[in-house]
Amino acid sequence: MFIDSHCHLEKEYYPDIDEVISASKDLNVNLFITAGTNARTNKEAMDCAHNHEEVYACVGVHPEYQDGYTDEDIEILKGYIKDDKVVAIGEIGLDYHYEGYDRNKQITLLEKQLKLAEEYNFPVVIHSRDATEDTITTLKKYNVKGVIHSFSGSKETAQIYIKMGYKLGINGVVTFKNAHIKEVIKDLEIENFVLETDSPFLTPVPFRGTQNIPGNIKYIVDFLSEYLGISSEEIANITTKNTHRIFDKLNK
Ligand SMILES: [Zn+2]
């Protein structure tokens, strides 16, 4: 059995979420963490978690909304944190990939949420794109743990995050031809990984190009098993443990 530690089970992508969950269960994925990114999708993630026993939520304001969020959107998170089905604050972080990003605004937004995480002793799910240095510097200011979602950095960066107490989110990118992350994970213990799909994005080979579903964890695990020479069962056991270690609420 596998956990998809990061997906987006939203109506915008999936007209029939029940169907996606059931197809994913057929592929041995039995627990789902759906990630909100703004006020609307946070609410949707909460509702999805409440409507499905096997779905949990994380809630937060993504750097993409550096201009679009209000302080109330952050304030609301305090209530969500107390909900039984909410396991982390995320996805939050820094994204300097597209022109028009505002470094200071993004760091401010991230810090507001890291402060909450620290105050409530709650894990975080971090999105970091083209912003490694600032992500590390900012995270270091707060005593929090969590997952570096869709980790794509260097070996050195991986070691820094691991030392800080973070797990690395490994997804379909690892199956892509020429993905440099392959080289990076080769020398790391799988005790440092959690599995994720980031569905509906980042569909693994052999379905790359189609819409992703959490069940496709199977193909990520098939790849890892072959590539790392570790059985699928062992990958399932260890990554499931890792996920439970980070997201305390899954254990309640
Ligand atoms: Zn995501």
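Everything here concerns the structure above.
Residues numbered from 1 in each chain as written. Predicted model: local features only at pLDDT ≥ 70, side-chain atom pairs only at ≥ 80, totals over all residues. Heavy atoms only, no water.

**Remarks on the coordination of the zinc ion**
Listed as protein donors to the zinc ion are His 6 (NE2), His 8 (NE2), Glu 91 (OE) and Asp 198 (OD); their distances from the metal cover 2.1 to 2.3 Å. In this structure, the zinc ion is coordinated by four donor atoms arranged in irregular fashion, with angles at the metal of 84 to 177°. When the donor residues of the zinc ion are listed from N- to C-terminus, their spacing reads H-x1-H-x82-E-x106-D. Linking Glu 91 in strand β4 (residues 86-95) with Asp 198 in the loop between β8 (193-195) and α8 (217-228), this pair joins segments that are 107 residues apart in sequence. Both residues of the pair, Glu 91 and Asp 198, count as buried. (Donors = N, O, S within 2.8 Å, 3.2 Å for Na, K, Ca; no water. Tetrahedral: all angles 85-135°; square planar, octahedral: opposite > 155°, others 65-115°. Helix = DSSP H or I, 4+ residues; strand = E, 2+ residues; numbered from the N terminus. Buried < 20%, exposed > 50% of the residue type's maximum accessible area, 1.4 Å probe, protein only.)

**Examining helix α3 (residues 71-81)**
All buried positions along α3 are accounted for by Asp 73, Ile 74, Leu 77, Tyr 80 and Ile 81. On an axial view of α3, the arc spanned by its buried residues comes to 100°, and they lie on one face. Tucked inside the fold, the buried residues of α3 contact α2 (39-51), β3 (55-59), β4 and α4 (103-120). (Arc of directions from axis to C-beta. Contact = heavy atoms within 4.5 Å.)

**Thoughts on the pattern of salt bridges**
Scanning all chains against the criterion turns up 14 salt bridges. A salt bridge links Arg 40 to Glu 44; its shortest N-O distance comes to 3.7 Å. Linking Arg 40 with Glu 44, this pair stays in helix α2, spanning four residues, or about one helical turn. The exposure class assigned to Arg 40 is partly exposed, which follows from its relative accessible area of 48%. With a shortest N-O distance of 3.1 Å, Glu 183 and Lys 186 are connected by a salt bridge. One end of the pair, Glu 183, and the other, Lys 186, are both in helix α7 (residues 181-186), three residues apart, so they sit about a helical turn from each other. (Salt bridge = Lys/Arg side-chain N within 4 Å of Asp/Glu carboxyl O.)

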